[in-house]
Each structure stands twice: as C-alpha cells, then as structure tokens.
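Overview (structure and organization)
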Amino acid sequence: MDIQLDPAGDDLPLMANTSHILVKHYVLDLDVDFESQVIEGTIVLFLEDGNRFKKQNSSIEEACQSESNKACNFGMPEPCHVPVTNARTVSSEMEYNDFAICSKGEKDTSDKDGNHDNQEHASGISSSKYCCDTGNHGSEGFLLVLDCCDLSVLKVEEVDVAAVPGMEKFTRSPELTVVSEELRNQIVRELVTLPANRWREQLDYYARCSQAPGCGELLFDTDTWSLQIRKTGAQTATDFPHAIRIWYKTKPEGRSVTWTSDQSGSPCVYTVGSPVNNRALFPCQEPPVAMSTWQATVRAAASFVVLMSGENSAKPTQLWEGCSSWYYYVTMPMPASTFTIAVGCWTEVKMETCSSADLATERPFSPSEADFRHVGVCSHMEYPCRFQNASATTQEIIPHRVFAPVCLTGACQETLVQLIPPCLSAAHSVLGTHPFSRLDVLIVPANFPSLGMASPHIMFLSQSILTGGSHLCGTRLCHEIAHAWFGLALGARDWTEEWLSEGFASHLEDVFWAAAQQLTPYEAREQQELRACLRWRRLQDEMQSSPEEMQVLRPSKDKTGHTSDSGASVIKHGLNPEKIFMQVHYLKGYFLLRFLAERLGDETYFSFLRKFVHAFHGQLILSQDFLQMLLENIPEEKRLELSVENIYQDWLESSGIPKPLQRERHAGAECGLARQVRAEVTKWIRVNRRPRKRKRREREEVFEKLLPDQLVLLLEHLLEQKTLSPRTLQSLQRTYHLQDQDAEVRHRWCELIVKHKFTKAYKSVERFLQEDQGQPSPSRSSQAVRVRERIWGDLHRLPLMSAVCQVTNRCVCSIVPTQQSRCGLRCRAAEERARAGRYLQASSCVCGCSALVSLAGHGRVPLWGADGE
C-alpha cells in the first residue's frame, strides 16, 4: 500500500484503491443466525475500472460549474463504508434457473409500495467446500483492495455473467459464441451504465448475474484492515474481472454490528454506527468517493423483522416453515457506510387516527414555492431522482413506518407517531423536496450509544426520547430528518469535515422544530436563542477540556479531500476514543451557520440553501463548495466583508472559540426566556438561604412554569451553587416534577442529587443510569464524561449501590479517572463472559469500555453507553 500506518496511532485507514477501480453495485445474499451470532453469505461486487468513471466525473464537474463558477471544485466520487449482513456459503454450482426474475417486457411484480415479490429473491443457499491459497502471491499484476476487518473470508471467485440468459443485449454481438474476460467485462460495463429510466431492469439483471455460476477462483489475502484480491494474468484494472463473488461471515465480536436483546428481552442485531463503519459487516470500499447502489436478500427466523436501508417497504416471504426472506434495494448511489440493517422482533406501531399513506398527500403547487422547483438537469451521476419528479417535489410528508419492541409500542403511540408528520412537513417547508421516498423509524435496544442515527430510508432512535413530553423527541427527530439532506443526499467528501453533516443538522433541527410547533416568529426566535445559550455553555466547556488539535473543523486544511495515488487515505483521529465524547463539529458548525444566517438574513440564507441542495444533492462536497456558492449567490451589500479565506481562518482551521462568535456572545443581550430563568434562579437561591424556621409573615416564592430547555438552564445554574439544602432540592423536585421530565432535564437533576448527596432521590439516579444510556447531546462533551465520573464515583459510596466493573473487579471510581479507561469501545472480555451466561448482559460501565457493571445489593446491570452520532 502507498500509505503509512502507525500501529499505535488513532487514525482510521481507508485502504480501498478507489482511484483504480470502483464498486458500482453490491448484491447481498445473507442469513442471520442468532444462535451463533453470525451473519453469513455472499456479496457480489459489480466493478467499473478507472478510465470509465474518471470520464464520468469530468462531465459531472462540468455540469456543476454551470451552477457556479467555483462552487463545485471536487473530483471523483469518494468511496465509503457500507454495512451489510452476511449469508451462508453459496455453492458456485448453484442452478441459475432457480432464480427467476422479470426482465424487460415481462410482467412487473412490484406492488404499490415499490416491493418486488420477495419470492423472486429468496433463492436457497447451500454450503460448499472452499479452498484458496492465502499466502503471499507476489506483487505483479493488478490488486483489488477492499476495506475489511473482523470478517472470515471463505472464498472469492469471478462470476460468469455471460452465462445468464438474455445478456446478449449487453454485447456488440447477437450471440455469445466465444466467452472471454473482455466479453464479461463488457457486459458489466453496459449493465452498470444503463439509463435511470431502466432501473428496474437493471436491478433484475444484477440479481440474475449474482446467481450466475462462478468461472474461476481468485487469489486473496487479508490483513488487519483490508482484503486483497488478485487474478493471475490481470495486469490492469481493465483486465481484472468486473463481477466477483465473495463468501464470508461476520464474527460475533465484529465492530460493525451489535448482538443484544431488546427492551422486551428478545434477541436482535443492528448496525451501531461504529468508528470502523461497515467493513466488519462485509468487504467494501469505504472512502466516500465509492458511491454505489445495492440490493439485499436477508433470511431470518419467521418471528423476526428485517429493516434496512431500502427504497421499498419490504414484506416477508415465507421460504419454509420457520424461515422468512426480506428483500430491499437502493437506486440512489450512496457511500457504503450509509448502509444500515436491524433484525429483531420489532412490532409496527401505527397511528390510530390516520395512516401515513393518508398523510402523504400532494397539494397544488403555489407560486410562493417557486424556489422549491428548479428547472434544469441535475448535476449528479444518473439515477431516478426525486428532484426531477413533479409529484415528489410537492410531497410534504413521505410514507413512513414506526417499529419498536412490543413493550414500548404504547410510548411510541403517545409521542413519536404523532410527531413524525408535522416534523416531516416542517422540513419540507424549509428545504423542499424530500431526498428519499419513504422512512422507517426504529426504537433501538437500550444499549444503543446515542439518541439517534440517520441512514437512507431508515432512522434509529433511543428509548430515551420517549419520556418526559414531546420536546426531546421532537428535536431529535428533526435532527435526524435534517440528515436526509445534509449527511446523506449531500455527503462530506472528506470525513474530517463532519461539520458539513452535524453542523447543518444541529442548526436545522431548531428551525424544523419551530415550524413543526407552528410557533410565531417571536416565539421561534426566543426558543432558538435559548438553545443557542445552552450550546454556547457546552462549547465553552468543550474548548477548555479537549485537545486543541481535535477542535479544528478542517484539520487537513489545503489537503482536505486529497488521497494517495491509489485512493487510499487515513481519517485523522478516526479511532480516537475521546472523539466519541466530543461535539465540537456539532457546536462550531452550528454557530458558523447561525452566524451566516444572521448576517445574510433568514430569507436570503434559506433561499440559498434550497438552491444549494438542488445543485449538489446526490454528490459529495467540501467546505469550499458550500462557502463559494454562498458568497457568489448573495448581493454584494449583504456580504459584509465575508470571504472564504476569512471563514476558513476564523471558523474552520483554528482551534478554540472563533473570534466572531466571542464578540457576538459578549455583546449580545440575553433572550427573554433566559432572563426568566435567571429570575427563577434568584428565587431558588433565596429559598436556599432561608432558615428552616421562617417568620410567619414571610411571603412564599411563586415559581413560573418553565419550558424543558429553561429547566436545563435552571439546573445548570443551580449546579454552580456550592451547597443546596435537602429541603431546597425536595422543593425543586416537587415544583417541576423533575423525575418525570425528559432525559436532558433528568441528566442535570442527577448531577444535583449526587453533588449534594440527596439520598431521597437516589432511585432517580439509578433509573437514569439504567434507562438513559442513549444520552442527549450534552453527553458527547467531556463535561458529561466528568458527570459520569462524579455520579458513579459518588454512587459507589452509597448504601447498597456500589458500582463494580466485572472485568476489572474494581469499583468504577478507581478506573474512570485515567484517560485510557475512557475507551468508548466494547470490552471483548465482558462480552465473552456475557455470552457464556455468567452475567446478564454486556453493557457499558462509566469508563466507556462497555464492561459489565453491577449495582451491588441490587443485582441489576445498568445500561450505560458512550454516546456518538
């Protein structure tokens, strides 16, 4: 390889040689085995060599330049990680005729939801003996390098696509008389470049080809981070087979998926958003430029539901008694890292009043929406694009489904299901066309390490959002919905520029949530200013307690987006455990976008944002793409001395708090909601200072009703007080019903309880540690890590509540202060013990190592995890 890796470093390597060859499509054929905790099967890769895709990217750049002279300064699409499930070993002698699919001119079997008949994709898989030399094959010839770790690769072979009936149409000769490597590659080249209006035919032929027999095993080798494949005699990428099949299976300890139990006690597995992304799910090209499509057939026991990144609302097909098959597909090219899967005994939660299909209605197009509909050809590579679909542009609410463990269906019915339609509608009112045609929402198991995660067509949410009213649920829902545009439809070309995803989602969640609540402009402004106040406090703490080198939003500076000659690269600090707890890219990105919106005015800024989305959807971007187009599309009088260079210097390439932000916060006046909180804080300080026996004539304090964000700010102010009496804390709890508030509020309340040793409320702390491991946004900060340390460090001294790590057999307070113990990674030793039945569950101790933690005297395992997006 042409990149140097430091084994002791914390950079994440991307090994795939995407400059030479790209995966254009994946076909997955997988079995999920809960008994062995393995996903096993095959993946077929359809490849395109560098000469073809370099020409395509050149034409994309030219199209982009028509939108803005400098707004599209990016090269070819970048390879990314894709999570996939594995299937059992497939015999290369499998009969192709067992797999019948409609081709052009045949009957279309898809239903109104976009579902193909899963029976067509439910081919059986039998095991076969494999053998392949895994030694050193020398350096001569072309080598295909895929990102891969924690996988058992069993066999690799070339697929004989020429053996599939009907493939003559993809060749220049009417008959396939002499089959050669050149002919097979020609068929694949024609197949991967079919026009978008033939996407159904293309998917059918991909499936047919994936079941074609093999025509020769390929040499392969693996190392820590990659799978290397070679064909004897293939000297260049053009000569290398363009369709290959890989037999593989995951490992129970693989870092891309988590095997656990849901809240009802049923087994489940899901992709967890690991730092290594999906390379432990299936071999893939991880760099963002490797944008691909995929289709997947997944088999599991009939009691399980399979959810996945897919355009169709899949339904199960029974293969035999006790086994069902699920089929999903995606036609919009995406980085492989965005692929997501979840398999479990989920229950669909439906709205009682009306269905999502009823809500997903279209309304007449009005002139005021003119900037939502842009005439012209999209600049991305060709695919069936919703931005060119007139009915899609006016669809405020896309079809959606909600799934959850059976014990949480009631909570979902009360809050989540009711909020999805107004939040989707609000997002459409701000940004226009929804990039994806449908959405599944899943309440994931209690060990999910964050509040939410967005993927194409599917969203994971933590159970923590379901309690304490609608505020936390609504804001998190809006955050993940925003990722449909920023993070998915528009992806960062360089993963170090995370602010392009998280900064936009953080800024837009406030805008979407205000629109969903139908607030007046004044109410919306007040709530947004209050949230800015809370984020400002978090950012200050983040800057004080994090390494300077990790405070920079564009750490590679002029080298951002650069790769080696082969396309391999490293993501700086991609494996750094401290990064899991940081939210600098959320906060600094949020404040930069807020700064720009205020300087330009909301009307100008959001009008530009809609144009930017239309110009760049389906593509990968760098910071300069956004900033250059922004400055070129606003009037001179509104630029106010803004320049790309100034923004780089002040916001993106410097550590610490940006100077413009410092000036703004120091000069700005508090919003009305924040002033109301300060008044309440003053009242509570007076209450705390009063003697136990008061004068009879002394007037009782009257406290105002506060919004959830106001309660968070109130408790943060009270945490700054040196002492609060038990009487004050009890009154505080009773006044605001703190034990029933959302997880953001209860998080601060637990800090107060532990700090002041308020023993009457220890049950609230225990409940929080058990149920709210998917922490609200503040827990990403190092401040929250210290909160964990303080809570656990004090809790171990409480009667009957000693917290003991089952791996180290030491009290957690003795291990959390060290930097190494706060690893944020799963502890393999703990998981092995859990699987051996010695303990209840592999969860997370406060040190973040996911070790088992028991509460002595209670025999319970608290569910606590390191947070991350």
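Everything here concerns the structure above.
Definitions and cut-offs
- Residues numbered from 1 in each chain as written.
- Predicted model: local features only at pLDDT ≥ 70, side-chain atom pairs only at ≥ 80, totals over all residues.
- Heavy atoms only, no water.
- Helix = DSSP H or I, 4+ residues; strand = E, 2+ residues; numbered from the N terminus.
- Buried < 20%, exposed > 50% of the residue type's maximum accessible area, 1.4 Å probe, protein only.
- Contact = heavy atoms within 4.5 Å.
- Areas by Shrake-Rupley, 256 points an atom, 1.4 Å probe, with all protein chains shown as cover.
- Core = buried A, V, L, I, M, F, W, Y, C linked by side-chain atoms within 4.5 Å.
- Pairing = 2+ DSSP bridges.
- Axes fitted to C-alpha atoms, helices over the stretch in contact; angles between N-to-C directions.
- Parallel < 35°, antiparallel > 145°, perpendicular 65-115°, else oblique.
- Left-handed = near helix turned anticlockwise from the far one by under 90°.
- Nonpolar A, V, L, I, M, F, W, Y, C, P; charged D, E, K, R; others polar.
- Disulfide = S-S within 2.5 Å.
- Right-handed = clockwise from strand over helix to strand, strands pointing away.
- Phe/Tyr/Trp six-rings, centres within 6.5 Å; stacked < 30°, edge-to-face > 60°.
- Salt bridge = Lys/Arg side-chain N within 4 Å of Asp/Glu carboxyl O.

A closer look at the overall build of the chain
- From N to C terminus, the chain includes 22 helices and 27 strands.
- Within the chain, the fraction of its 869 residues that count as buried is 63%.
- Nonlocal contacts in the chain, meaning residues at least 24 apart in sequence, comprise 77% of its contacts between residues at least 6 apart.
- Surface accessibility of the chain: about 33,200 Å² in total, with carbon and sulfur atoms responsible for 48%.

Topic: the nonpolar core
- In terms of nonpolar packing, the biggest core is built from 160 residues, with Ile 229, Ile 246, Leu 416 and Phe 626 touching the most fellow members.
- Per element, the largest residue contribution to this core is 11 residues, and it comes from helix H6 (residues 409-431).
- Not counting residues within four places of it along the chain, the set of residues in contact with Ile 246 comprises Gly 41, Thr 42, Ile 43, Leu 45, Leu 146, Val 153, Lys 155, Val 156, Leu 227, Ile 229 and Pro 283.
- In terms of nonpolar packing, the next biggest core, distinct from the first, is built from 36 residues, Leu 530, Val 677, Trp 749 and Val 765 among them.

Regarding the sheet that holds strand E17 (residues 347-349)
- Sheet architecture is open: 5 strands sit in the order E17-E18-E19-E21-E20, paired in mixed fashion. Edge positions in the sheet fall to E17 and strand E20 (452-455), since each has one partner strand and no second. Neighbour-to-neighbour, the strand axes of this sheet turn through a mean angle of 25°, independent of strand direction.
- Note: E17 against strand E18 (residues 400-404), 3 bridges, orientation antiparallel. Bridging from a neighbouring strand, Val 349 pairs with Val 402 of E18.
- With respect to the sheet, H6 is in contact with E17, E18, strand E19 (439-443) and strand E21 (458-461), its orientation differing from that of E18 by roughly 155°.
- Helix H7 (residues 471-482) contacts E20 and E21 of the sheet and is inclined by roughly 145° relative to E21.

Looking at the sheet that holds strand E6 (residues 214-217)
- Strands sit in the order E6-E5-E9-E3-E2-E12-E15-E14 across an open sheet of 8 strands; the sheet is mixed. Either end of the sheet is taken by a strand with one partner, and the two such strands are E6 and strand E14 (317-320). Taking the axes of each pair of neighbouring strands and ignoring which way they run, one obtains an average angle of 25° across the sheet.
- Judged from the 3 bridges that link them, E14 and strand E15 (residues 323-335) form a sheet pairing that is antiparallel. Looking across to E15, one finds that Gln 318 is bridged to Ser 324.
- Against the sheet, helix H2 (residues 181-192) contacts strand E2 (21-33), strand E3 (38-49), strand E5 (151-159), E6 and strand E9 (243-250), and its axis sits at roughly 95° relative to E3.

Some details on the environment of Cys 385
- Take Cys 385: it is sitting in the loop between helix H4 (356-359) and helix H5 (390-393).
- Counting along the chain gives 232 residues from Cys 385 to His 617, while the straight-line C-alpha distance between them is 9.4 Å.

Observations regarding the environment of Ala 392
- Inspection of the secondary structure puts Ala 392 in helix H5.
- If sequence neighbours within four positions are ignored, Ala 392 has contacts with Arg 386 and Thr 433.

Focus: the packing of helix H17 (residues 708-719) against helix H19 (residues 743-755)
- The contact between H17 and H19 brings their axes to 9 Å, and the two run at 20°. As the angle between them shows, H17 and H19 are arranged roughly parallel. Handedness of the crossing formed by H17 with H19: left-handed. Contacts from Pro 708, Leu 711, Val 712, Leu 715, Glu 716, Leu 718 and Leu 719 in H17 reach Glu 744, Val 745, Arg 748, Trp 749, Glu 751, Leu 752 and Lys 755 in H19.
- Class assignment of the residues belonging to the contact of H17 with H19 gives a composition of 9 nonpolar, no polar and 5 charged.

Regarding helix H18 (residues 726-736)
- Within H18, the full set of buried residues consists of Thr 728, Leu 729, Ser 731, Leu 732, Gln 733 and Tyr 736.
- Tucked into the core, H18 has its buried residues touching helix H16 (672-689), H17, H19 and helix H20 (762-771).
- In the stretch just after H18, His 737 is the one whose phi turns positive, near 50°.

A short note on the state of the cysteines
- Under the counting rule described, the total for this entry stands at 0 disulfides.
- Its sulfur unpaired, Cys 148 is 6.8 Å from the next cysteine sulfur, which belongs to Cys 149.

Considering the packing of H16 against H17
- Put simply, H16 and H17 touch, their axes get as near as 9 Å, and they point 45° apart. Judged on the interaxial angle alone, H17 and H16 are oblique. Of the two elements, H16 crosses H17, and the hand of that crossing is right-handed. Along its contact with H16, which presents Leu 673, Ala 674, Gln 676, Val 677, Arg 678, Glu 680, Val 681 and Trp 684, the element H17 presents Gln 710, Leu 713, Leu 714, His 717 and Leu 718.

What about unusual backbone geometry?
- Phi at His 573 is positive, roughly 60°, even though this residue is not glycine.
- Take His 573: it is sitting in the loop between strand E23 (569-571) and helix H10 (584-600).
- Positive phi, normally seen in glycine, also occurs at His 737, with a value near 50°.
- Structurally, His 737 can be placed in the loop between H18 and H19.

What to know about the pairing of E19
- With 5 of 5 residues buried, E19 is to be regarded as a mostly interior element.
- Note that E18 and E19 share 4 bridges and pair parallel. Residue pairing across strands places His 400 opposite Leu 439, the latter belonging to E19.
- Chirality of the crossover, the property in question, places the unit of E18, H6 and E19 among those that are left-handed.
- Bridge count between E19 and E21: 4 bridges; the pairing is parallel. Directly across from Leu 442, in E21, lies its bridge partner Phe 460.

Some details on the packing of aromatic side chains
- Tallying each qualifying case throughout the model produces 29 aromatic pairs.
- Aromatic side chains Tyr 327 and Tyr 329 sit 6.1 Å apart centroid to centroid with 40° between the ring planes, which places their arrangement in the tilted category. Each member of the pair, Tyr 327 together with Tyr 329, is buried.
- On the numbers, 6.4 Å between centres and 75° between planes, the contact of Trp 499 with Phe 626 is edge-to-face. With Trp 499 in helix H8 (residues 499-516) and Phe 626 in helix H12 (residues 623-632), this pair connects stretches of sequence that are 127 residues apart.

Some details on the pattern of salt bridges
- With the rule as written, the count across this model stands at 43 salt bridges.
- Glu 158 serves as the salt-bridge partner of Arg 184, at 3.6 Å between the closest nitrogen and oxygen. On the criterion of sequence distance, the pair formed by Arg 184 in helix H2 and Glu 158 in strand E5 is long-range, its members being 26 residues apart. Both residues of the pair, Arg 184 and Glu 158, count as buried.
- A salt bridge links Glu 201 to Lys 169, with the shortest nitrogen-to-oxygen separation between them at 3.4 Å. With Glu 201 in helix H3 (residues 199-210) and Lys 169 in the loop between E5 and H2, the pair connects residues that are 32 residues apart, well separated along the chain.

Some remarks on the pairing of E5
- Counting buried positions along E5 yields 8 of 9 residues, so the element is predominantly enclosed.
- The pairing of E5 with E6 spans 2 bridges and is antiparallel. Bridging from a neighbouring strand, Val 159 pairs with Gly 214 of E6.

Considerations on H20
- The buried fraction of H20 is high, at 7 of 10 residues.
- Looking only at H20, the buried set comprises Tyr 762, Ser 764, Val 765, Glu 766, Phe 768, Leu 769 and Gln 770.

Brief notes about the side chain of Gln 295
- Within the secondary structure, Gln 295 is located in strand E12 (residues 291-301).
- Discounting chain neighbours no more than four positions away, the residues touching Gln 295 are His 25, Tyr 26, Val 27, Leu 28, Leu 203, Tyr 206, Ala 207, Tyr 327, Tyr 328 and Tyr 329.

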